[in-house]
Amino acid sequence: MRLQGSIELFQYWNRLRDGRPAPLRTEIEPADIKNLLADTFILELDTRGGPVFRLAGTRLCATYGRELKGYSFASMWTPRDQKIVARLSNNAFHDKNVVSMSFRGVSETGREHLFELLLLPIEGGRDSLRALGIVSAKERPFWMGADPICENVLQSVRVIDPEIEPIFLKNRPAIEVPSLAPGDRHFNPLDVFSGPGRRIRHLVVLDGGRGE
């Protein structure tokens, strides 16, 4: 996680879960993250098992030029990325993995900007699967909101399995995310996307558990 919005939401989620794979949906209080709400969202599964937006913040909707509620999450990505995005979302829903993505947003007129997306599992029961997320940009250029993003292009992904990785031990600081490189015990959370990894097509995938 490079950006402050992702870091703050992760810290909040990590405190709430208190050693569990994920916090309860009812434990999340919007007032506690009011400075992040404009960029946050909640995903749920539709009747076909695909991730859709249940809620989306006002600034996030403005960035994409539409109300995102009910909109397919995977359809926001390029055709070649949609399958892997759907699979990554399922990692959060079913395996309680934390997913971090770096992507380029491409506007209707061809402008591009880099974003970071963090997806966090929340517990709502087998029949009410949810995931909490945030989309962060290092800065907002003058055109953002006036020239809507129409397509996302994945740059890199990172998946963490809470059942395996020591990040989830209660005595660890909330933001001390360990490296996915074997044996690396000293990890800077700002280096998530710049470490060693393996290439799959146009992506750099850093292994961290069952997900891909």
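Residues numbered from 1 in each chain as written. Predicted model: local features only at pLDDT ≥ 70, side-chain atom pairs only at ≥ 80, totals over all residues. Heavy atoms only, no water.

A. Geometry of the pairing of strand β3 (residues 98-107). The buried count for β3 comes to nine of 10 residues, which makes it a mostly enclosed element. When β3 meets strand β6 (residues 149-160), the two strands line up antiparallel, connected through 10 bridges. Bridge pairing in β6 links S107 to I149. Where β3 lies against strand β4 (residues 112-122), eight bridges are found, and the strand directions are antiparallel. For F103, the partnering residue across the bridge sits in β4 and is F115. What sits between β3 and β4 in their antiparallel hairpin is a turn of four residues, with G110 showing a positive phi close to 95 degrees. (Buried < 20%, exposed > 50% of the residue type's maximum accessible area, 1.4 Å probe, protein only. Helix = DSSP H or I, 4+ residues; strand = E, 2+ residues; numbered from the N terminus. Pairing = 2+ DSSP bridges.)

B. Examining the nonpolar core more closely. With 30 residues, the main nonpolar core has F41, L43, F73, W77, M101, L117 and L119 as its most contacted residues. Of all the elements in the fold, those that place two or more residues in this core are β1 (40-45), α2 (58-64), α3 (79-95), β3, β4, β5 (130-136) and β6. Counting residues per element, this core draws most heavily on α3, which supplies five residues. If you look at the next biggest cluster of nonpolar residues, it comprises 15 residues, including L9, W13, V98 and I134. (Core = buried A, V, L, I, M, F, W, Y, C linked by side-chain atoms within 4.5 Å.)

C. Geometry of α3. Over its 17 residues, α3 extends 24 Å from the first C-alpha to the last, a length consistent with the 24 Å expected when each residue adds 1.5 Å. Those residues of α3 not exposed but buried are D81, I84, V85, L88, S89, N91, A92 and F93. (Expected span 1.5 Å × (residues − 1).)

D. View of helix α1 (residues 4-17). Between the first and last C-alpha of α1 there are 20 Å, a value that for 14 residues agrees with the 20 Å anticipated at 1.5 Å per step. Inspection of α1 places G5, S6, I7, L9, F10, Y12, W13, N14 and R17 among the buried residues, and these make up the whole buried set. Against β1, β3, β4 and β5 lie the buried residues of α1. (Contact = heavy atoms within 4.5 Å.)

So far we have only geometry, and geometry alone does not tell us how the molecule works.
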